[in-house]
Amino acid sequence: MTLLGSIGLCLLVSACELAPLDVNGLRCTDDRACGDGFTCFEERCYRDGEVPEEDAGVEDAGFDAGPVDSGTPDAGIPRGVNLLSNPGFEQLTSDGGVSSWRASTGRLLPADGGHGGVRSARLQSTGFQQTMVLIPLNDELGPELGMLFCASLWVRSDADAGVDVTLAIRDRFFDGGVSTSSGTRATIRTNWVQLKEEFATIGQSTLQLRLTTNSRFDGGDGLYVDDGWLSRAETSGCP
């Protein structure tokens with residue numbers, strides 16, 4: 001018997017019924033019902049008796065209750081806490097260097113006195129017409145999309161003519177890419193000046209504080225840094 005003949009026979013014989021269509025998990029709307037034996041819930045078809053229960057706590061919370069706290073971002077990085085190790089450059093390594101910081105170009109040395117405390121650090125050129133970069137030894141782990149971070153660093157020059165520097169924060173992605181804040185740029189002279197910067201992270205990265213000299217230094221020349229700060233913002237803005 002042909003397929004058309006089978007269908008015609010089914011239409012004539014009441015005992016012949018087509019099996020119900022299984023639409024479990026398919027998309028549905030008010031105009032596109034799931035059919036007998038299924039219920040449309042949150043635009044998905046579920047078999048009767050298998051519809052997920054709504055979270056009464058979320059439904060009753062209302063507009064002003066704010067986002068539901070999943071515990072993930074806040075648990076990883078607290079707000080208002082300085083994330084830098086040795087922010088005052090007071091602690092030294094066993095070989096006389098500065099603990100928890102490094103110069104990716106140039107050299108970092110301990111220095112007596114500073115903006116606060118007993119010591120500061122000196123970022124010093126080791127070459128001719130050299131630019132220098134100061135960063136913490138370790139990046140901050142676990143930033144999430146939209147987290148706002150606040151940074152500051154006190155800087156001074158030992159040259160009356162001044163030096164040009166930029167303080168920035170950046171995401172460092174695991175594929176080697178980076179996303180950097182716009183940066184706070186200033187000309188620093190012999191008085192201590194506090195540079196401030198803020199950055200909303202993209203996340204899925206590590207976070208790095210970065211001081212870059214735009215001026216060029218000959219060997220032995222440099223500048224001083226002290227009292228660094230990097231924290232997740234306590235409110236919607238940085239102080």
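This is a predicted model, so every value here is computed, not measured.

Q: Summarise the overall build of the protein; cite the residues concerned and give the values.
A: When helices and strands are counted, the protein shows three helices and 14 strands. Considering only intrachain contacts with a sequence separation of at least 6, the fraction spanning at least 24 residues in the protein is 67%.

Q: Could you give me a rundown of the state of the cysteines, with the residues and numbers involved?
A: Taken as a whole and judged by the stated rule, the model has one disulfide. Residue Cys150 pairs covalently with Cys238 via a disulfide, S to S 2.0 Å. For the disulfide bridge between Cys150 and Cys238, the dihedral angle about the S-S bond is near -90°, and by the sign convention the bridge is left-handed. Of the two residues, Cys150 is situated in strand 8 (residues 148-157) and Cys238 in the segment after strand 14 (222-232); the sequence distance between them amounts to 88 residues.

Q: How would you summarise the nonpolar core if you had to cite specific residues and measurements?
A: Of all hydrophobic cores here, the largest spans 31 residues; its most connected members are Leu134, Leu211, Leu223 and Val225. For this core, the secondary structure elements donating two or more residues are strand 3 (101-105), strand 5 (119-124), strand 8, strand 9 (163-173), strand 12 (193-200), strand 13 (205-213) and strand 14.

Q: Go over the pattern of salt bridges, please, and point to the residues and values.
A: Where charged atoms of side chains with opposite charge meet at close range, the side chains can pair. By the definition in use, this model includes three salt bridges. Across the pair Asp158 and Arg122 runs a salt bridge, and its minimum N-O distance is 2.7 Å. Pair noted here: Asp158 is in the loop between strand 8 and strand 9 and Arg122 is in strand 5, with a separation of 36 residues, a long-range link. What makes Arg122 buried here is its relative accessible area of 10%. Residue Asp139 pairs with Arg172 through a salt bridge whose shortest N-O separation is 2.9 Å. Within this pair, whereas Asp139 is found in the loop between strand 6 (133-136) and strand 7 (140-141), its partner Arg172 is found in strand 9, the two being separated by 33 residues in sequence. By relative accessible area, Arg172 is classed as partly exposed at 32%.

Q: Requested: an account of the environment of Pro87, with residues and values cited.
A: In this fold, Pro87 is placed in the loop between helix 3 (72-76) and strand 3. The class for Pro87 is partly exposed, based on a relative accessible area of 27%. Between the alpha carbons of Pro87 and Trp101 there is a distance of 9.0 Å; along the sequence they are 14 residues apart. Excluding residues that lie within four positions of it along the chain, Pro87 makes contacts with Asn82, Trp101, Asp226, Asp227 and Gly228.

Q: Give me the sheet that holds strand 5: which residues, what numbers.
A: Spatially, 4-5-14-8-12 is the arrangement adopted by the five strands of the open sheet, whose pairing is antiparallel. For this open sheet the edge positions go to strand 4 (107-112) and strand 12, each flanked by a neighbour on one side alone. Here the average twist between neighbouring strands, direction ignored, is 35°.

Q: Break down the packing of aromatic side chains for me, with residues and values.
A: The final tally for this structure, using the stated rule, is one aromatic pair. Just above the ring of Tyr224 sits the side chain of Arg156; from NZ or CZ to the centre is 4.4 Å.

Q: Account for the side chain of Thr201, with residues named and values stated.
A: Mapping Thr201 onto the fold places it in the loop between strand 12 and strand 13. Among the polar contacts listed, one links the side chain of Thr201 to the side chain of Asp171, at a separation of 2.5 Å. In this structure, Thr201 is in contact with Pro143, Glu144, Leu145, Gly146, Met147, Phe149, Asp171 and Leu207, ignoring residues within four places of it in sequence.

Conventions we followed
Residues numbered from 1 in each chain as written. Predicted model: local features only at pLDDT ≥ 70, side-chain atom pairs only at ≥ 80, totals over all residues. Heavy atoms only, no water. Helix = DSSP H or I, 4+ residues; strand = E, 2+ residues; numbered from the N terminus. Contact = heavy atoms within 4.5 Å. Disulfide = S-S within 2.5 Å. Core = buried A, V, L, I, M, F, W, Y, C linked by side-chain atoms within 4.5 Å. Buried < 20%, exposed > 50% of the residue type's maximum accessible area, 1.4 Å probe, protein only. Salt bridge = Lys/Arg side-chain N within 4 Å of Asp/Glu carboxyl O. Pairing = 2+ DSSP bridges. Axes fitted to C-alpha atoms, helices over the stretch in contact; angles between N-to-C directions. Phe/Tyr/Trp six-rings, centres within 6.5 Å; stacked < 30°, edge-to-face > 60°. Lys NZ or Arg CZ within 6 Å of the ring centre and 35° of its normal. Polar contact = N/O pair within 3.5 Å; in protein donor to acceptor, adjacent residues only side chain to side chain.

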